[in-house]
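Results of the structural survey
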Amino acid sequence: MVLYTSPFPNSFLSVLHSFSWGLIFPCYWLADRLVASFVPTTYEKRQRADDPCYFHALCIIITTPIYLALLVASLPFALIGFLLWSPLQSARRPYIYSRLEDKSHANGAALLTEWKAAGTGKSFCFGSANVCLLPDSLARFNNVFNTQARAKEIGRRIRNGASRPQIKIYIDSPTNTSISAASFSSLVSPQGGDNTNRAVSVGMKRTTSMEYKGDNSGLNNSEDAREDKAGLGEPNEGEENSCIVRINGEENGLTSDAEVDTVNGQPNAGGQTEQSPDGDAENSKTPNHKQKEGDSGSLDSYTASRESLVKVRIGDGSVDQSTVNNKLLYKASIMKKTSVRKKKHTDETFDHEISAFFPANLDFLCLQEVFDKRAAEKLKEQLHHYFEYIVYDVGFYSCHGCCSFKFVNSGLLFASRYPVMDAAYHCYPNGRGTDSLASKGALFLKVQVGSTPQDQRIVGYVSCTHLQALAGDTTVRCEQLDMLQDWLSEFRKSTSSSSTANPEELVAFDVICGDLNFDNCSSEDKLEQQHSLFTHYKDPCRIGPGEDKPWAIGTLLDPEGLYDEEVCTPDNLQKALESEEGRKGYLVYPTSKNHGSSQKGRKASLKGNGRRIDYMLYTEEGLYLEWKVEVEEFSFITQLAGLTDHLPVAMRLMVSTGEDDP
């Protein structure tokens, strides 16, 4: 199957499309700005309440007639452009495939060789998020604004979080509870200028975030870094930027013996930092994009907050705070050894946490509601600092490919560190109401993640979707879930190049990500909760229809509270969601006849921990029979605090081959 690298089959149609859109855009932009000026966010309302001069009201009085006059003047040109633009959509391709052009930063081909060295298995990390990148006037109805700046900042935060070093902590003593918090990020502050193993006696205090200063632009994936890493004889499955800490705890839990193996090169002990490759001029336009003290969600601040510094004790003395500040402080994603780690829910077989950052070494990313095309370009540019392969601008426009006229695309975007082999898109034909104006559908992708010593390709399937959003459209969503299963089955059959007798390809995983717009606890969503999709695919957060696991929380934030001080930074939002009171205050809960729609101040006992409408599903059906797929880690992520009204989710799967099992 051919991957489409341009929206049209020839340059003439592309030029004609650009010309037609150039005629439409002034009218579109003026209408968007005009409506946006009358739809303030809660942050803007608070600012205006403190403004005694009513400057904004004066601006509206002056600019509204100007916008209206220019809008009327641009209408004839927009009409001509529309008459050219609409027929061209019949020749438009359903997506654009982008591959990183800078070969020095590309590492997808090198990742394929890691499978052979993985031994008994390899883990893959998946992320999903609804980022609400609508035209600014429409985004304001969800209480977010400045779509273009948000797109750039979202991309920066995702790739910065994913490219940070990874730390694995193995707790040899199950009686040590000093690092047994349900969710935390920790750090190792290497001292000295060599790469040799060192043993120190330290006591760690639970902290939300550490300061990571270094290169977040994806340069750490260079060939030289990989060669240095291979020379150290790394014992893991080929993951980059990782650091292994082995802790032998004492019974009192006050101190631990930590053996730190630094894996990826020599640490910078001089405390020097690199300037971010992106300027902050655009980000300073909106308050929720500014770097505040203690907000390390963007990983670009140059001073660590007091609460985000780890407390280290050596012997009976304590390390001076200035000494810690002068060291290279690493953001750390912790992967605890599940067999010995103390957990609040001891019956769970995998790690789960509320994390202030996207997982380190994120392999695949599925985004929804990337509707604005200019925002999609800005987001793509940022993500390409980390992801080599991106599929974006997915969907149809006008009347092509769907039953009704489509003003915007599907809003789906897929990013991968591994090569994309095949891709297909289908539009749901049964959209209703305002959802029918967007070409919501499903994007199916086949990726190559490795090869066997016998040169058999190892592949995986990832599906990204966004279902009908309007409340009460239960039947519509169930029909869309039916179509999703049928389309995925057809895609797998059409892209498979092997047979049972002669397996040229081995399937490692099959994952579905997306915003399904129903939760597992609302009484109105019972039909979706019992859909057959959940008999074929497993939901790590679900016990059964109508019941989630105790640690699972909602992913839909209350829009009215997005700019509250308690949740406007990744650290603050993480802390708020770790408490029941915080969840009741800032998450949307399942609908109930006994409770009103307002979330603020509600203290009554509610079912579940909020509306969880963003899903990550996986299956064990249709995979290579001798392999086993298990969830290794599941995370609810707060790194996009203040930028969207959804919580991103992430899941790490371990594919065990069992080749070296005793």
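As annotated in an unreviewed UniProt entry, the chain is Sphingomyelin phosphodiesterase 3 from Nothoprocta perdicaria. Its UniProt record gives the chain the following Cofactor (unreviewed entry) comment, quoted word for word: "Mg(2+)". Note on the chain: under the UniProt heading Sequence similarities (unreviewed entry), the record states "Belongs to the neutral sphingomyelinase family."

Tracing the sequence through the fold places Glu-388 in the loop between α9 (373-383) and β12 (389-392). Judged by its relative accessible area of 2%, Glu-388 falls in the buried class. Reaching out from Glu-388, the side chain makes a polar contact with the side chain of Arg-99 at a distance of 3.3 Å.

The subject of this paragraph is the sheet that holds strand β16 (residues 457-466). With mixed pairing, the five strands of this open sheet are ordered in space as β14-β15-β16-β17-β20. Single-partner strands in this sheet number two, and they are β14 (420-427) and β20 (614-618). The average undirected angle you get between the axes of adjacent strands in this sheet is 15°. Bridge count for strand β15 (residues 441-451) against β16 is nine bridges, and the pairing is antiparallel. Bridge pairing links Val-447 to Gly-460 in β16. Against the sheet, helix α10 (residues 474-495) makes contact with β14, β15, β16 and β17 (505-515), and its axis sits at roughly 35° relative to β15, the strand it touches most.

With that settled, the discussion passes to the packing of aromatic side chains. Applying the stated criterion to the full structure yields 31 aromatic pairs. Against the face of Trp-21 rests Lys-373, its NZ or CZ located 6.0 Å from the ring centre. The residue whose ring lies beneath Arg-542 is Phe-534, and the NZ or CZ to ring-centre distance is 4.2 Å.

To continue, consider the UniProt feature "transmembrane region" (unreviewed entry) in the chain. Here the UniProt-annotated "transmembrane region" (unreviewed entry) positions come out as residues 12-31 and 52-85. For the annotated span residues 12-31, helix accounts for 100% and strand for 0% of the residues, and the straight-line distance between the end C-alpha atoms is 29 Å.

With that settled, the discussion passes to the confidence of the model for the chain. Mean pLDDT for the chain: 76, with 65% of residues reaching 70 or above. This stretch, residues 249-284, has a pLDDT under 50; its non-local contacts, to residues over four places away or in other chains, come to 103 contacts.

Taken in spatial order, the eight strands line up as β1-β12-β13-β11-β2-β22-β21-β10 in an open sheet, and their pairing is mixed. The two strands at the open ends of the sheet, each matched to only one other strand, are β1 (96-99) and β10 (351-355). Taken over all neighbouring pairs, the strand axes of this sheet differ in orientation by 15° on average, direction set aside. Sheet topology places strand β2 (residues 121-133) next to strand β11 (residues 364-370); six bridges connect them, and they run parallel.

Right, let's talk about unusual backbone geometry for a bit. Positive phi, normally seen in glycine, also occurs at Asn-146, with a value near 55°. Taking relative accessible area as the criterion, Asn-146 reaches 17% and is therefore assigned buried. One non-glycine residue, Asp-455, lies in positive phi territory at about 65°. By the element assignment, Asp-455 lies in the loop between β15 and β16.

The next subject is the environment of Ala-151. Here Ala-151 is to be found in helix α6 (residues 147-162). Residue Ala-151 is classed as buried on the basis of its relative accessible area of 0%. The spatial distance from the C-alpha of Ala-151 to the C-alpha of Leu-379 is 5.2 Å, given a sequence separation of 228 residues. Dropping the residues within four chain positions of it, Ala-151 is found in contact with Leu-133, Ala-375, Lys-378 and Leu-379.

Here we come to the pattern of salt bridges. Using the criterion set out here, one finds 24 salt bridges in the structure. In this structure, the salt-bridge partner of Glu-528 is Arg-477, at a minimum N-O distance of 2.8 Å. Here the residue Glu-528 occupies a position in helix α11 (residues 526-529), and Arg-477 occupies one in helix α10, the gap between them amounting to 51 residues. With a relative accessible area of 0%, Glu-528 lands in the buried category. A salt bridge links Asp-548 to Arg-612; its shortest N-O distance comes to 2.9 Å. You can see Asp-548 sitting in strand β19 (residues 547-548) and its partner Arg-612 sitting in the loop between α14 (580-586) and β20, a full 64 residues away along the chain. When sorted by exposure, Asp-548 lands in the same class as Arg-612, which is buried.

By the burial criterion, the buried members of α9 are Ala-375, Ala-376, Leu-379, Lys-380, Gln-382 and Leu-383. Within α9, the buried residues cover an arc of 160° as seen down the axis, which keeps them to one side. Lining the buried residues of α9 we find β1, β2, α6, β11, β12 and β13 (413-416). N-capping of α9 is provided by Asp-372, with a side-chain oxygen placed 3.1 Å from the backbone N of Arg-374.

Another point: the environment of Pro-359. Residue placement: Pro-359 occurs in the loop between β10 and β11. As a C-alpha pair, Pro-359 and Ala-650 span 291 residues in sequence and 7.3 Å in three-dimensional space.

Thresholds applied
- Residues numbered from 1 in each chain as written.
- Predicted model: local features only at pLDDT ≥ 70, side-chain atom pairs only at ≥ 80, totals over all residues.
- Heavy atoms only, no water.
- UniProt positions renumbered as here; feature names shortened; annotations may be inferred.
- Helix = DSSP H or I, 4+ residues; strand = E, 2+ residues; numbered from the N terminus.
- Buried < 20%, exposed > 50% of the residue type's maximum accessible area, 1.4 Å probe, protein only.
- Polar contact = N/O pair within 3.5 Å; in protein donor to acceptor, adjacent residues only side chain to side chain.
- Pairing = 2+ DSSP bridges.
- Axes fitted to C-alpha atoms, helices over the stretch in contact; angles between N-to-C directions.
- Contact = heavy atoms within 4.5 Å.
- Phe/Tyr/Trp six-rings, centres within 6.5 Å; stacked < 30°, edge-to-face > 60°.
- Lys NZ or Arg CZ within 6 Å of the ring centre and 35° of its normal.
- pLDDT = per-residue confidence, 0-100.
- Salt bridge = Lys/Arg side-chain N within 4 Å of Asp/Glu carboxyl O.
- Arc of directions from axis to C-beta.

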